[in-house]
Amino acid sequence: MNAMTDKPAILGGKPLHPDPFPAYITIGDEEKKAVMEVMDTGVLSHFYGSDSPQFFGGPKVRALEDAWCERFGSAHAVAVNSATSALMTAVGALGIGAGDEVIVSPYTMSASASCVLVYNAIPVFADIDPSTFCLDPQSIRERITPRTKAIIVVHLFGHPADMDAIMAIAKEHNLAVIEDAAQSPGALYKNRETGTIGDIGVFSLNCHKVIQTGEGGILTTNNKDLALRAQLIRNHAEAVVEPMGVENIVNMLGWNYRMTEIDAAIGIEQLKKLDLLTETRLQLTNRLTDGLKELPGIIPPYVHPDARHVYYVYAVKIDSSQCNLPRDLLVKALALEGIPFWEGYTEPLYLQPLYQKRILYGDKGCPFTCACYDGDVSYKRGICPVVERLYDEELFLTEICRPPLTTEDIDLFVTAFKRILVHSDEIQASVT
Ligand SMILES: *Cc1c(COP(=O)(O)O)cnc(C)c1O
């Protein structure tokens, strides 16, 4: 018997890994101890929504912000209760509003585009690069209009976007750049930390991310004024602009996006673990790439020579003409071996009902049909052919290429691919 050529489970063979792989647990004694210290103080949040020193949060929130600045080399960090809040805060702090357009990626978590709508501005979707899955600078250029105010870049799956090209376009057209680094803490572009290259960076600490506080987010910026505006939006800006003497009151309506002391205490401990967790992830993903790269029709993740990819997820492309299997059959066969992959990632965002029907605030078409908006944005199928092809046909991914899996586990992944590909004709025949 040869493990590589044994009958795959989809043809009745024995599954390679019948039990589920272990969960990703990074919470340990360090976090428990830190939480108990906060509990012992009895004060779980120090924020006051008034003009006072406590307006900026308690000791753990500030310590997390300081640690974040230190680790990523940012001048300011503002801790909030999610990356979604951080994205909305970023758009608000930049003064974006009704009638403005913001260029966004369609291949991301929905909030990286919907944050624009919260300020009555219009998301304009540009296409992505088929190798990095991040915004394609050429497509950004084609979408610029006199109404464009900003670009929201997503470092998708942990691979940095082409920041030099994007920052050059932004400079040329006087646009702000927000980096959604929710999936990329520790990813580097030309040795620079993602999330610190544009005007504002956004990180997520939700429970699915590389490090987490359950829910949480961090906004980073090197601009003091933007940092203050973000702190105002985090905490009921409208109530404090007058006593605090804030003159620019554009978008100075605040919310409660505050982070608790408990979450901040957990975040401080999690941040200390980021680099080791990422190193382990890289050992596993590099081994998987080594195992997959010679297989026909299987295209492992691309890494640009100037990039450090941190593999929040491991995304693969299939060329069915080379491996003689459509994506759905390959993913099904892998699942039956016990190796979980998903097809397509997320549907291109512009296909969501909100964009297709242009219904959001009330039922009169606002903000898409609005006296302030004189543009003509399109959300038709076909506007971003690269994303549509990746979603419909080529891309599949796994989230479990991370600790506590071992290199032996990863070798099983490779064996599964080989077993399935060797039998591709029989697998095809079995379903037709
Ligand atoms: C997870 C994620 C978000 C949102 O993060 P939350 O903290 O859950 O709000 C935003 N953008 C991207 C790219 C993400 O992966």
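Provided above is the structure to which this section pertains.
Reading the values: the criteria
- Residues numbered from 1 in each chain as written.
- Predicted model: local features only at pLDDT ≥ 70, side-chain atom pairs only at ≥ 80, totals over all residues.
- Heavy atoms only, no water.
- Salt bridge = Lys/Arg side-chain N within 4 Å of Asp/Glu carboxyl O.
- Helix = DSSP H or I, 4+ residues; strand = E, 2+ residues; numbered from the N terminus.
- Buried < 20%, exposed > 50% of the residue type's maximum accessible area, 1.4 Å probe, protein only.
- Right-handed = clockwise from strand over helix to strand, strands pointing away.
- Pairing = 2+ DSSP bridges.
- Axes fitted to C-alpha atoms, helices over the stretch in contact; angles between N-to-C directions.
- Contact = heavy atoms within 4.5 Å.
- Lys, Arg positive; Asp, Glu negative; His and termini not counted.
- Near = heavy atom within 4 Å.
- Polar contact = N/O pair within 3.5 Å; in protein donor to acceptor, adjacent residues only side chain to side chain.
- Areas by Shrake-Rupley, 256 points an atom, 1.4 Å probe, with all protein chains shown as cover.
- Nonpolar A, V, L, I, M, F, W, Y, C, P; charged D, E, K, R; others polar.
- Parallel < 35°, antiparallel > 145°, perpendicular 65-115°, else oblique.
- Disulfide = S-S within 2.5 Å.
- Expected span 1.5 Å × (residues − 1).
- Arc of directions from axis to C-beta.

Caption draft 1: Expanded view of the pattern of salt bridges. By the definition in use, this model includes 23 salt bridges. A salt bridge links R419 to D6, with the shortest nitrogen-to-oxygen separation between them at 3.6 Å. Of this pair, R419 sits in helix α14 (residues 407-422) while D6 sits in the segment before α1 (29-41), placing them 413 residues apart in sequence. In terms of burial, R419 and D6 fall into one category: buried. A salt bridge links E142 to R143; its shortest N-O distance comes to 4.0 Å. Among the residues examined, E142 registers a relative accessible area of 53% and is labelled exposed. By relative accessible area, R143 is classed as buried at 17%.

Caption draft 2: Just the pairing of strand β5 (residues 176-180), in detail. The buried fraction of β5 is high, at five of five residues. Where burial is concerned, the two faces of β5 agree: the one with A176, I178 and D180 and the one with V177 and E179 are both buried. Running through helix α6 (residues 163-173), the crossover from strand β4 (residues 148-154) to the neighbouring parallel element β5 is right-handed. Both β5 and strand β8 (residues 200-204) contribute to a ladder of three bridges, which runs parallel.

Caption draft 3: Molecular detail of the sheet that holds strand β2 (residues 101-104). Taken in spatial order, the seven strands line up as β1-β9-β8-β5-β4-β2-β3 in an open sheet, and their pairing is mixed. The sheet is open, and its two edges are formed by β1 (76-80) and β3 (122-125), each paired on a single side. For this sheet, the mean inter-axis angle between neighbouring strands, taken without regard to orientation, is 25 degrees. Bridge count for β2 against β4 is three bridges, and the pairing is parallel. Bridging from a neighbouring strand, I103 pairs with I151 of β4.

Caption draft 4: Up close: helix α13 (residues 385-394). Every buried residue of α13 is accounted for by V386, V387, E388, L390 and E394. The inward-facing, buried residues of α13 contact β12 (314-318), α11 (327-337) and β14 (395-398).

Caption draft 5: Structural detail: the side chain of R229. Structurally, R229 is set in helix α7 (residues 224-234). Despite its burial, R229 remains without a salt bridge, the nearest opposite charge being carried by D225 at 4.9 Å. Among all residues touching R229, those that are not within four sequence positions of it are G92, A93, G95, N248, V250, N251 and M252.

Caption draft 6: Structural view of the site of the ligand. Close to the ligand lie 14 residues, the nearest being T84, D180, S204, N206 and K209. Between the ligand and the protein, one listed contact pairs an oxygen atom with a side-chain N or O atom of Q183 at 2.8 Å. Take K209: an N or O atom from its side chain is 3.2 Å from an oxygen atom of the ligand. Computed on the free molecule, the ligand has an accessible area of 380 Å², of which 93% lies beneath the protein chains in the complex. Looking at the shell around the ligand residue by residue, the classes come out as four nonpolar, eight polar and two charged.

Caption draft 7: The arrangement of the packing of α7 against helix α8 (residues 237-244) in detail. Close contact between α7 and α8 brings their axes to 8 Å; oriented N to C, the two are set at 130 degrees. In terms of their interaxial angle, α7 and α8 are classed as oblique. Listed contacts from α8 to L228, L232 and I233 of α7 are A237, V240 and M244. When the residues that make up the contact of α7 with α8 are grouped by side-chain class, the tally is six nonpolar, no polar and no charged.

Caption draft 8: Just the state of the cysteines, in detail. Within this structure, the stated rule accounts for zero disulfides. Not part of a disulfide, C207 finds its nearest cysteine sulfur in C401, a span of 20 Å. With no disulfide of its own, C372 has C370 as its nearest cysteine by sulfur position, at a separation of 4.2 Å.

Caption draft 9: Representation of helix α2 (residues 59-72) within the structure. End to end, α2 covers 20 Å across 14 residues, agreeing with the expected 20 Å (1.5 Å per residue, within 8%). Those residues of α2 that fall on the buried side of the exposure criterion are V61, L64, E65, W68, C69 and F72. Buried residues of α2 fall within an arc of 135 degrees about the axis and therefore sit on the same side. Of the exposed residues in α2, the ones pointing more than 90 degrees away from its buried face are P59, D66 and E70. The inward-facing, buried residues of α2 abut β1, β7 (192-193), β8, β9 (217-221), α7 and α9 (261-292). Backbone geometry just downstream of α2 places G73 in the positive-phi region, at approximately 70 degrees.

Caption draft 10: Expanded view of the sheet that holds strand β11 (residues 307-308). One open sheet holds the three strands; their spatial order is β7-β6-β11, and the pairing between them is antiparallel. A single partner strand is all that each edge strand has here, and the edge strands are β7 and β11. Bridge count for strand β6 (residues 188-189) against β7 is two bridges, and the pairing is antiparallel. From the neighbouring strand, L188 faces β7, where its bridge partner is E193.

Caption draft 11: View of the pairing of β12. The buried count for β12 comes to five of five residues, which makes it a mostly enclosed element. Burial along β12 is two-sided: the face carrying Y314, V316 and I318 and the face carrying A315 and K317 are both buried. Taken together, the four bridges between β12 and β14 define a ladder with antiparallel strand orientation. Across the sheet, residue V316 finds its bridge partner in β14, namely F396.

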